[in-house]
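Architecture and fold: a report
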Amino acid sequence: MKRLQWLVPTLYILFLLLPIYWLISMSFKSTNEILGGFTLWPQHFTLQNYRKIFTDPTWYNGYINSLIYVVMNTVLSVAVALPAAYAFSRYRFLGDKHLFFWLLTNRMAPAAVFALPFFQFYSALGLFDTYIAVALAHCLFNIPLAVWILEGFMSSVPRELDETAFVDGYGFWRFFTRIFIPTTAAGIGVAAFFCFMFSWVELLLAKTLTSVAAKPIAATMTRTASSSGYELGLLAAAGTLTIIPGAIVIYFVRNYIAKGFALGRV
Amino acid sequence: MKSKTENQKGWLFVLPVVLLVAFNAIIPLMTVVNYSVQETFGDNRFFFEGLKWFVQVLHSERFHASLGRQLAFTGIILAIEVPLGVAIALAMPRKGPWVSVCLVLMALPLLIPWNVVGAMWNIFALPDIGMLGKTLNSWGIDYNYTRQPFSAWATLIAMDVWHWTSLVVLLCYAGLSAIPDAYYQAARIDGASSWAVFRYIQLPKMKRVLTIAILLRFMDSFNIYTEPFVLTGGGPGNSTTLLSIDLVKVALGQFDLGPAAAMSIIYFLIILLLSWIFYTLMVQGEEQ
């Protein structure tokens, strides 16, 4: 029984990799081969699909746009969440519990509910089709999440650390930036990872708030899928490329993730 | 743990967060509330209608049907993903080089954009040229997710299990790796069965992260839009039209602002209520 335990994760990972394998293998096939019949691996290996993506600006700009607003959103969310999480973990103030719950309710809000009002609201502000619009809109669910994660981490740092620093004559901001932030680096890493992840994978709001200039790659894909008919190979290649940034990020934070949840109140 | 200090300056610290979230939440939400009580004929003139749309939505069979499908979907995926996630987390190695490999590979589906997940399963399950569809059909199973509601549902659930079980695994694994070795040693000396170890050591330690996992999965599965939209588009017929898909159809497809807004509010309130019930139940369970 114990000896066969490794089978469970192995089978599960196999199940996870099958559709990904299919996507990647399809991205190296020509449209003719895909539609011509079932082949388990590419018979006529081609890089045509990737060449198209890297040479056509409407394609590769999609990746750049996505990365820009995702990074903007991650930086913004974590930056404002840091002091807030500190306050929630250290101070008691009027309405703190209600405020915390209200923040979390925004994490529960269905994006579909906000799609139309966001479109009108950001259009009225003149922010439609800008990176800022998407970065701000994604704050709706990323800030609550970042506060939630960071609060857990900060609560696990003993309060004596703050007191000792103040006794040693540190001013608040110097203490916060020089001592406290480095102490909670792991938590910041985890929070940033989750903000990156949820902003990167979200499509509905990003699509609603952009048309040309800031169009995310995910939206480029859906529009191409409907306009040019059945270019499955191209679609598969674009999909494969969207996996890469996530895979890179996850590789860097792999050790923090498990630790992060164990420490955090998450 | 020392108790928190009373300090109203806390408000200054949370102010940026409150402003940013309020900017995004309150103004658009007010727009929705505003639409939900008015009628428009598309010429930018609005007439007050009171609660007419709410009554209409609550009595519409279409809404009941999508709500029913939504509850069924959420119930099924929770019933599969939570036990499966716990089982996988228990079976994962605790030390050694395989831990990183497992974590990275398992987290992979979480970082794929949702429409790519939908598109990936779409081409994976195509009955004639997709790997899954072709295999099933060659085994003599009649499978076609664009025609048969049952196949569509099975594909939808398989996709969600594929996409999100890893979240449960990662959270549970984090909870498990926080258990000190001494606990297991003590259990071994007592001759505890593996069920007893699970019931009295591992499960209590996982309770908190499991609460989070269930809450997150509940909220996100109730909000799901992109993946089923890309995979089946709500079809065949209306068989996989979940709440979000129905809502977007009404709001952006038919541009019925009033009913769509009323539906949004009812939808949001349902999630809020169910999340709150979950939360209170589980927090109570934790305190006992």
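Along each chain, residue indices are assigned from 1 in the same order as the chain's sequence is written. As a convention, the first chain written is A and the first ligand written is 1, with the rest following in written order. Restriction of local features to residues with pLDDT of at least 70 applies here, the model being predicted, together with a cutoff of 80 or more for giving and counting side-chain atom pairs; totals for whole chains, interfaces and linings are based on all residues.

**Remarks on the overall build of chain B**
- Numbering goes from the N terminus for both helices and strands, where a helix is a DSSP run of H or I of at least four residues and a strand is a run of E of at least two. Helices and strands together make up the secondary structure of chain B, namely 12 helices and 3 strands.
- Here the C-alpha coordinates of chain B stretch approximately 75 × 70 × 30 Å along the principal axes.
- Counting other C-beta atoms within 10 Å of a residue's C-beta gives its exposure: the residue is buried at 20 or more, exposed at 12 or fewer, and partly exposed in between, where C-beta atoms are placed from the backbone. Counting across all 288 residues of chain B, residues that qualify as buried make up 40%.
- It is the C-beta atoms, placed from the backbone, that decide contacts: two residues are in contact if theirs lie within 7 Å. Counted over contacts in chain B with a minimum sequence separation of 6, partners at least 24 positions apart contribute 71%.

**Points about the overall build of chain A**
- In terms of regular secondary structure, chain A is built from 13 helices and 1 strand.
- Each helix (α) and strand (β) of chain A, taken in turn from the N terminus, gives the series α-α-α-α-β-α-α-α-α-α-α-α-α-α.
- Taken along its principal axes, the extent of the C-alpha atoms in chain A is 75 × 60 × 30 Å.
- Looking at chain A as a whole, 48% of its 266 residues are labelled buried.
- Considering only residue pairs separated by 6 or more positions, chain A has 81% of its internal contacts joining residues 24 or more positions apart.

**Some thoughts on the interface of chain B and chain A**
- Contact with chain B, which involves 73 residues of that partner, is made by 78 residues of chain A.
- Any residue outside Ala, Val, Leu, Ile, Met, Phe, Trp, Tyr, Cys, Pro, Asp, Glu, Lys and Arg is labelled polar, Gly included; the first ten of those are nonpolar and the last four are charged. Grouping the amino acids of the side of chain B that touches chain A by side-chain chemistry returns 54 nonpolar, 15 polar and 4 charged.
- Being paired, for any two strands, means DSSP has found at least two bridges between them. Direction of pairing for strand β1 (residues 91-92) of chain A relative to strand β1 (residues 5-6) of chain B: parallel, over a ladder of 2 bridges. By the bridge assignment, Tyr-91 of chain A is partnered in β1 of chain B with Thr-5 of chain B.

**Quick notes on the confidence of the model for chain B**
- A score between 0 and 100, pLDDT records how confident the predictor is in each residue. Averaged over all residues, the pLDDT of chain B equals 82, while 93% of them reach at least 70.
- Here strand β3 (residues 46-48) of chain B stands out as the least confident element of chain B, with mean pLDDT 70; helix α3 (residues 61-91) of chain B is the most confident, with 91.

**Digging into helix α5 (residues 114-125) of chain B**
Residue and element names in this part refer to chain B.
- Here the expected length of a helix is defined as 1.5 Å per residue gap, with one fewer gap than residues. Helix length check: α5, at 12 residues, gives a terminal C-alpha distance of 16 Å against a target of 16 Å (1.5 Å per residue), a fit within 8%.
- With 12 of 12 residues buried, α5 is to be regarded as a mostly interior element.
- Those residues of α5 that fall on the buried side of the exposure criterion are Trp-114, Asn-115, Val-116, Val-117, Gly-118, Ala-119, Met-120, Trp-121, Asn-122, Ile-123, Phe-124 and Ala-125.

**Considering the environment of Thr-130 of chain A**
- Structurally, Thr-130 of chain A can be placed in the loop between α6 (111-124) and α7 (131-155).
- Separated by 104 residues in the primary sequence, Thr-130 of chain A and Met-26 of chain A place their C-alpha atoms 33 Å from one another.

**Remarks on the environment of Ile-224 of chain B**
- Tracing the backbone through its elements, the reader meets Ile-224 of chain B in the loop between α9 (194-222) and α10 (226-231).
- Residues contacting Ile-224 of chain B, with those up to four places away along its chain left out, are Leu-242 and Ser-244 of chain B.

**Things to note about the domain arrangement of chain A**
Residues and elements named next belong to chain A.
- Each domain span listed reflects an automatic or database assignment of domains. Segmentation of chain A into domains returns domain 1 (1-46) and domain 2 (56-263).
- Each of domain 1 and domain 2 was reduced to a C-alpha centroid, and the two centroids are 31 Å apart.
- Across the boundary between the two partners, domain 1 contributes 8 residues, which contact 7 residues of domain 2.
- Where the side of domain 1 that touches domain 2 is concerned, the elements lending two or more residues are α1 (7-27) and α2 (31-36).
- Of all the elements, α1 adds the most residues to the side of domain 1 that touches domain 2, at 4 residues.
- Its residues assigned to classes, the side of domain 1 that touches domain 2 comprises 4 nonpolar, 3 polar and 1 charged.

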